[in-house]
Amino acid sequence: MIEIADVTSRTGEPGKGKNSRGAKRFKVPKASELLAGSIRDQIIRGKLRDGDQLPAEANLMEQFDVSRPTIREAYRILEAQQLVSVTRGAKGGAVVHAPSPDLIAENTLMVLQSQGVTVSEVYLARNASEPALVRLVVNNAQEAAPPKLRECLAAEEAALLKDPQAFSRALADFHSTLVDLAGNRPLGLLYSAISSIISAHQAIVAEAKWRNKETGQKTLAAGLRSQAKLIDLIEAGDADKAVAHWRRHNEAAYQMWISGYEDTTILEVLSRNS
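S.K.: Describe the nonpolar core, listing the residues and the values that go with them.
M.R.: It is characteristic of soluble globular proteins that their nonpolar side chains tend to be buried jointly. The biggest cluster of nonpolar side chains holds 50 residues, and the ones touching the most others in it are L149, L178, L230, I234 and W257. Among the secondary structure elements, those contributing two or more residues to this core are α4 (102–114), α5 (119–141), α6 (145–160), α7 (164–182), α8 (185–210), α9 (213–236), α10 (239–258) and α11 (266–273). Take this core: its biggest share by element is nine residues, from α10. Residues contacting L230, with those up to four places away along its chain left out, are V134, F174, L178, A242, H245 and W246. Listed in part, the 18 residues of the second largest apolar core include A36, L48, V66 and L78.

S.K.: Requested: an account of the side chain of R126, with residues and values cited.
M.R.: On the secondary structure map, R126 appears in helix α5. For the buried R126, no salt bridge exists, and the shortest N-O distance to an oppositely charged side chain is 4.1 Å, to E130. Ignoring anything within four residues of it in the chain, the contact list for R126 reads P131, H175, Y191, I194, I198, Q202 and N250.

S.K.: Can you lay out the pattern of salt bridges for me, pointing to particular residues and giving the numbers?
M.R.: Once the charged atoms of two side chains with opposite charge are near each other, the side chains can pair. The full count for this structure, using the stated rule, is seven salt bridges. Residue D41 pairs with R45 through a salt bridge whose shortest N-O separation is 2.9 Å. Under the relative-accessibility criterion, D41 is labelled partly exposed at 34%. Ionic pairing is found between E73 and R76, a salt bridge with its closest N-O pair at 2.9 Å. One end of the pair, E73, and the other, R76, are both in helix α3 (residues 68–80), three residues apart, so they sit about a helical turn from each other. Given the relative accessible area of 26%, E73 is considered partly exposed. Among the residues examined, R76 registers a relative accessible area of 44% and is labelled partly exposed. Through salt bridges with shared partners, a single network forms among E57, R68 and R72.

About the cut-offs
- Residues numbered from 1 in each chain as written.
- Predicted model: local features only at pLDDT ≥ 70, side-chain atom pairs only at ≥ 80, totals over all residues.
- Heavy atoms only, no water.
- Core = buried A, V, L, I, M, F, W, Y, C linked by side-chain atoms within 4.5 Å.
- Buried < 20%, exposed > 50% of the residue type's maximum accessible area, 1.4 Å probe, protein only.
- Helix = DSSP H or I, 4+ residues; strand = E, 2+ residues; numbered from the N terminus.
- Contact = heavy atoms within 4.5 Å.
- Lys, Arg positive; Asp, Glu negative; His and termini not counted.
- Salt bridge = Lys/Arg side-chain N within 4 Å of Asp/Glu carboxyl O.

What follows is the structure, given as structure tokens:
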């Protein structure tokens with residue numbers, strides 16, 4: 001049974017701003033918002049799990065003394081948050097979905113594009129966070145990290161002389177794996193929002209560098225050697241040197257990848273790759 005308390009009992013003066021006496025007025029949530037909030041809270045707390053089916057509308061109406069439109073409005077709120085999916089008909093109903101990390105990336109990308117954020121800003125954000133994550137990798141995954149990172153590095157090396165798109169994907173995998181190995185979930189979720197931007201941009205730049213194979217691939221190969229050095233430092237457990245090395249690496253990589261794209265926006269990059 002869904003545990004939803006006081007869906008219809010919270011009443012008060014609607015509206016917001018100030019009333020005629022100058023006192024601040026508060027917006028009182030509608031019953032549908034309270035119902036949706038209670039269901040959402042139980043999904044977050046694990047009381048309702050992915051794949052669970054919510055009771056029939058008629059049962060909810062009786063249990064909480066609310067109307068069918070209230071139930072359906074609550075469902076629309078939860079559908080917009082991708083927490084339930086609703087099918088109509090005799091065999092229909094509302095099915096619970098666990099919160100997806102993809103929501104963070106999708107919403108973050110939408111906001112960043114609307115604000116005209118540049119690719120340069122995204123790289124600088126990564127440069128500020130990744131060296132600190134390297135220390136966490138050394139502390140939390142000194143033994144597990146080297147073989148996983150060497151596997152990513154091998155994929156980069158295999159694609160280096162063949163396919164710029166495959167190379168950019170393999171390079172993105174190296175960075176994503178590094179972040180995952182750090183074991184910090186909040187930073188990992190935030191990183192997922194920017195990794196697709198960097199990967200899309202690097203595919204564009206790598207394509208251009210492939211036209212000048214001798215110079216471009218020589219530069220990219222130097223970056224791979226720097227990655228190999230990072231792996232060796234992690235394996236040796238030298239956190240200070242690993243952090244310092246990766247900070248220098250990211251600063252050099254920033255200059256290489258951003259050159260000529262200093263004012264390019266995220267929207268321009270993603271539109272070009274769509």
